[in-house]
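# Examining the three-dimensional arrangement
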Amino acid sequence: MSTYLIIAILLLGFIVVFQIAKASEYVSVLKGEKKTFEQNNRINGFLLLAFMVLGLIGVYWCNELFKGKILGEAASDHGEKIDTMLYITIIMTGIVFVITQILLFYFAFKYQHSEKRKAYYFPHDNKLEVLWTVVPAIALTVLVGFGLYYWFKITGDAPKEATIVEVTGKQFGWIYRYPGKDKVFGKKYYKNIDEGKSNQLGLLWDDKAAHDDVVTNEALYLVVNKPVKIVINSRDVVHDLGLVHFRMKMDAVPGTPTTIWFTPKFTTAEMKEKTANPDFEYEISCDQMCGKGHYSMKGIVKVVSPAEYALWLAKQKPNYATVFPEPEPAAKPASDSAVTAAAATTKSLSN
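Overview of the structure. No experiment lies behind these values; they were computed from the predicted model shown.

Right, let's talk about the packing of aromatic side chains for a bit. For the structure shown, the criterion picks out 16 aromatic pairs. With a centroid separation of 6.1 Å and an interplanar angle of 35°, the aromatic rings of Y309 and W312 are classed as tilted. Of the two residues, Y309 and W312 are both situated in helix 6 (residues 306–315); the distance of three residues between them amounts to about one turn of the helix. Taken individually, Y309 and W312 each receive the classification buried, so the pair is uniform in this respect.

If you want it as structure tokens, here you go:
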């Protein structure tokens, strides 16, 4: 029903606009087309100037209204550099935007049609063409240079002391794996994936390094002020790990691990105070359309102190222990001396 209503409204709008255009045409005929054209030309010129002024005021107002309020301060060291790069880009493109918009609307007003003035034919100028080609090329080269520099820092080698965590995307959620005491991930093979047997990643149990790996869907736990290297995988289709508060994102590609590293600056508790939001949580999102359940791929990141991280990790049960639980020890038979003591105690009580 709502679809038909929308179609009817669109048709009605089209008919109204068409009738207004026809009425305007009849009025111009009655008044004289030349006089009407000149009058409309002046009105349009003033409207363009008004639109320019109101538009620039609107841009400034939106910037003041939302600056720093949508995402807040970058919560990682690399995130600070990304923000710096974006500010440089905004400043450079903003200056160009303001200048070109003022010239565009001002020229449209100043050089509106007039029978007293003829257009000047200006087909070619080498100096101007070199100027508007070289200057943008240099500016874009600087911006690309900043981008490449930060990109190589983010995807380069992490510090030796960095914590290593593996994040695997699947339809539609995230799987987190932490190495055990050996600090080494065990081997895995996609054909070994079996949700029914609690083997989400296809770990190879013949590899002893996999026996202490912790696998969880709960949250991504990170240590504040300690570098973390994230190894990113996908179990099915292309996903994209998005960490908006840390200004990080990276594709999760099946069969091709990708990596990023950064250092979290604030714990989750500190961010709750900074944002004055007691329900604040760092979020993981999938930034690549991956299927009908794409919207539900929201994960949580917990940034905690080293002590809290160690305590949390100590409470986790390795995936191997979940798949192959140790049998409970059988009750030991009572010894002869214990039986004799029990009999003596029973006899004394009966007397």
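The structure having been displayed, the exposition proceeds.
This paragraph deals with the environment of A210. Here A210 lies in the loop between strand 2 (173–178) and strand 3 (214–216). Along the primary structure A210 and K188 are separated by 22 residues, whereas in three dimensions their C-alpha atoms are 8.3 Å apart. In this structure A210 touches G186, L203, L204, W205 and Y320, once residues within four positions along its chain are discounted.

The next point concerns the pairing of strand 8 (residues 258–262). Of all five residues in strand 8, four are buried, a share of seventy percent or more. Sheet topology places strand 5 (residues 228–234) next to strand 8; five bridges connect them, and they run antiparallel. Note that in strand 8 the partner of V228 across the bridge is F262.

By size, the foremost hydrophobic cluster in this structure holds 41 residues, and its most contacted members are Y178, L220, I230, L243, F246, Y282 and V301. Setting aside chain neighbours within four positions, we find L220 in contact with V165, V167, Y176, Y178, I230, I284, I300, V301 and K302. Listed in part, the six residues of the second largest apolar core include I175, L201, L203 and W205.

Our next topic: the pairing of strand 10 (residues 299–304). Alignment of strand 4 (residues 220–223) against strand 10, held across four bridges, turns out to be parallel. Bridge pairing in strand 10 links L222 to V303.

For the structure on display, the rule yields twelve salt bridges. Between K274 and E73 there is a salt bridge, and its shortest N-O distance comes to 3.7 Å. A residue pair is termed long-range when its members are at least 10 positions apart, and K274 in helix 5 (residues 268–274) and E73 in the loop between helix 2 (33–66) and helix 3 (77–110) qualify at 201 residues. Among the residues examined, E73 registers a relative accessible area of 44% and is labelled partly exposed. Note that E283 and K298 form a salt bridge whose closest N and O atoms lie 3.4 Å from each other. Remark: K298 occurs in the loop between strand 9 (282–286) and strand 10 and E283 occurs in strand 9; sequence separation between them is 15 residues. Residue classification places K298 among the exposed positions, given a relative accessible area of 55%. Overlapping salt bridges bring together E73, E80, K265 and K274 as one network.

Tracing the sequence through the fold places K249 in strand 7 (residues 248–252). With 36 residues separating them along the chain, K249 and S285 place their C-alpha atoms 9.2 Å apart. With residues near it in sequence (within four places) discarded, K249 still touches D240, L241, G242 and D287.

Along the chain, Q200 falls in the loop between strand 2 and strand 3. Of note is the side chain of Q200, whose polar atom sits 2.9 Å from the side chain of N217. Sequence-distant contacts of Q200, that is, excluding residues within four places in its chain, are made with K170, I175, I193, E195, V215, N217 and R235.

About the thresholds
Residue positions are given per chain, counted from 1 along the sequence in the order it is written. Totals for whole chains, interfaces and linings use all residues, but because this is a predicted model, local features are given only for residues with pLDDT of at least 70 and pairs of side-chain atoms are given and counted only at 80 or more. To get the side-chain values, all heavy atoms of the structure are used, and hydrogens and water are removed first. Planes of paired rings set the category: under 30 degrees apart is stacked, over 60 is edge-to-face and the rest tilted, where pairs are Phe, Tyr or Trp rings (Trp by its six-membered ring) whose centres lie within 6.5 Å. Segments assigned H or I by DSSP are reported as helices when at least four residues long, segments assigned E as strands when at least two residues long, and all are numbered from the N terminus. Burial classes: relative accessible area under 20% of the type maximum marks a residue as buried, over 50% as exposed, and values in between as partly exposed (1.4 Å probe, protein chains only). Residues count as neighbours in contact if any of their non-hydrogen atoms are within 4.5 Å of one another. What makes two strands pair is DSSP finding at least two bridges between them. The definition of a nonpolar core used throughout is a set of buried Ala, Val, Leu, Ile, Met, Phe, Trp, Tyr and Cys residues joined through side-chain atoms within 4.5 Å. A side-chain nitrogen of Lys or Arg and a carboxyl oxygen of Asp or Glu constitute a salt bridge if their distance falls within 4 Å. Each polar contact in these results corresponds to two N or O atoms within 3.5 Å; when the atoms are within protein, one needs to be able to donate a hydrogen and the other to accept it, and residues that are neighboring in sequence are counted only if both atoms are side-chain atoms.

Any link to function would need more than the numbers given here.
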